[in-house]
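Below are the chains, spelled out letter by letter.
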Amino acid sequence: MDKKTLYETSTKMESAGVDPAYVLGWQSGYLHNPKLEEQRVTEAYDAGYNDGLAGKTDGYSAWSKQ
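None of the values given here were measured: they were computed from a predicted structure.

Engineer: What exactly am I supposed to notice about unusual backbone geometry here?
Structural biologist: Most peptide bonds are trans, and most residues other than glycine sit at a negative phi. In this model, His32 sits at a positive phi of 60°, which is unusual for a non-glycine residue. Tracing the sequence through the fold places His32 in the loop between α2 (20-30) and α3 (43-53).

Engineer: Looking at this structure, I do not really get the packing of aromatic side chains. What am I missing?
Structural biologist: Here the distance between the centres and the angle between the planes together describe a pair of aromatic rings. On inspection of all chains with the given rule, the structure shows three aromatic pairs. Judged by centre distance (6.1 Å) and plane angle (20°), the ring pair of Tyr22 and Trp63 falls under stacked. Of this pair, Tyr22 sits in helix α2 while Trp63 sits in the segment after α3, and the two are 41 residues apart along the sequence. Relative accessible area serves as the criterion here: at 1%, Tyr22 is assigned to the buried category.

Engineer: Would you mind going over the pattern of salt bridges with me for this structure?
Structural biologist: Two side chains bearing opposite charge may form a pair once their charged atoms approach each other closely. According to the stated counting rule, one finds two salt bridges in the structure shown. For Lys35, the salt bridge is made with Asp46, and the minimal N-O distance between the two is 2.4 Å. Of this pair, Lys35 sits in the loop between α2 and α3 while Asp46 sits in helix α3, and the two are eleven residues apart along the sequence. You can call Asp46 partly exposed: its relative accessible area is 27%.

Engineer: Is there a simple way to explain the packing of α2 against α3 in this structure?
Structural biologist: Two packed helices can be described by the angle between their axes and the distance between those axes. The geometry of α2 relative to α3 is characterised by a closest axis approach of 6 Å and an angle of 30° between their N-to-C directions. On the basis of the axis angle, α2 is roughly parallel to α3. The hand of the α2/α3 crossing is right-handed. Residue-level contacts link Ala21, Tyr22, Leu24, Gly25, Trp26, Ser28, Gly29 and Tyr30 of α2 to Ala44, Tyr45, Ala47, Gly48, Tyr49, Asp51, Gly52 and Leu53 of α3.

Engineer: Is there a simple way to explain helix α1 (residues 3-15) in this structure?
Structural biologist: Given 3.6 residues per helical turn, the α-helix brings residues three or four places apart onto the same face. For α1, which comprises 13 residues, the first-to-last C-alpha distance of 18 Å matches the rise-based estimate of 18 Å (1.5 Å per residue) to within 8%. Buried within α1 are the following residues: Leu6, Thr9, Ser10 and Met13. Seen along its axis, α1 keeps its buried residues to an arc of 100°; they face one direction. Every exposed residue of α1 that faces more than 90 degrees away from the buried side is listed here: Lys4, Tyr7 and Ser15. Buried residues in α1 make contact with α2.

Criteria and cut-off values
- What you see as residue numbers is a count from 1 along each chain, following the sequence as written.
- This being a predicted model, a pLDDT of at least 70 is required before a residue's local features are given, and a value of 80 or more before pairs of side-chain atoms are given or counted; all residues contribute to the totals for chains, interfaces and linings.
- Side-chain calculation: all heavy atoms of the structure are included, whereas hydrogens and water are not.
- Segments assigned H or I by DSSP are reported as helices when at least four residues long, segments assigned E as strands when at least two residues long, and all are numbered from the N terminus.
- Here is the rule: rings of Phe, Tyr and Trp (six-membered ring for Trp) pair when centre to centre is within 6.5 Å. Planes less than 30 degrees apart are stacked, more than 60 are edge-to-face, and the remainder are tilted.
- Only protein chains enter the accessibility calculation, which uses a 1.4 Å probe; a residue is then buried when its area is under 20% of its type maximum, exposed when over 50%, and partly exposed in between.
- A side-chain nitrogen of Lys or Arg and a carboxyl oxygen of Asp or Glu constitute a salt bridge if their distance falls within 4 Å.
- Axis angles are defined between N-to-C directions and span 0 to 180 degrees, where every axis is a line fitted to C-alpha atoms and, for a helix, only to the segment in contact.
- In these notes the angle categories are as follows: under 35 degrees is roughly parallel, over 145 is roughly antiparallel, 65 to 115 is roughly perpendicular, and the rest is oblique.
- Each helix crossing is assigned a hand: it is left-handed if the near helix lies turned anticlockwise from the far helix by less than a right angle, otherwise right-handed if that turn is clockwise.
- Contact between two residues is taken to exist if any of their heavy atoms lie within 4.5 Å; hydrogens are not considered.
- Each helix should span, by expectation, one fewer than its residue count multiplied by 1.5 Å.
- The arc refers to the directions leading from the helix axis to the C-beta atoms.

Rendered as structure tokens:
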């Protein structure tokens, strides 16, 4: 886990208008935090969590709202 990668990727996603649920999921997965409770997990959060867990930093384009 690299703090610089976490910061830079989060900043890129936020400036690209990525769904906030995806960003939160990605950050949680990247930091290996536990997932949210089942009733609070959305498709965007789940995709972000899985990408973050895998260390994938370029899978967010499909979740951009712009």
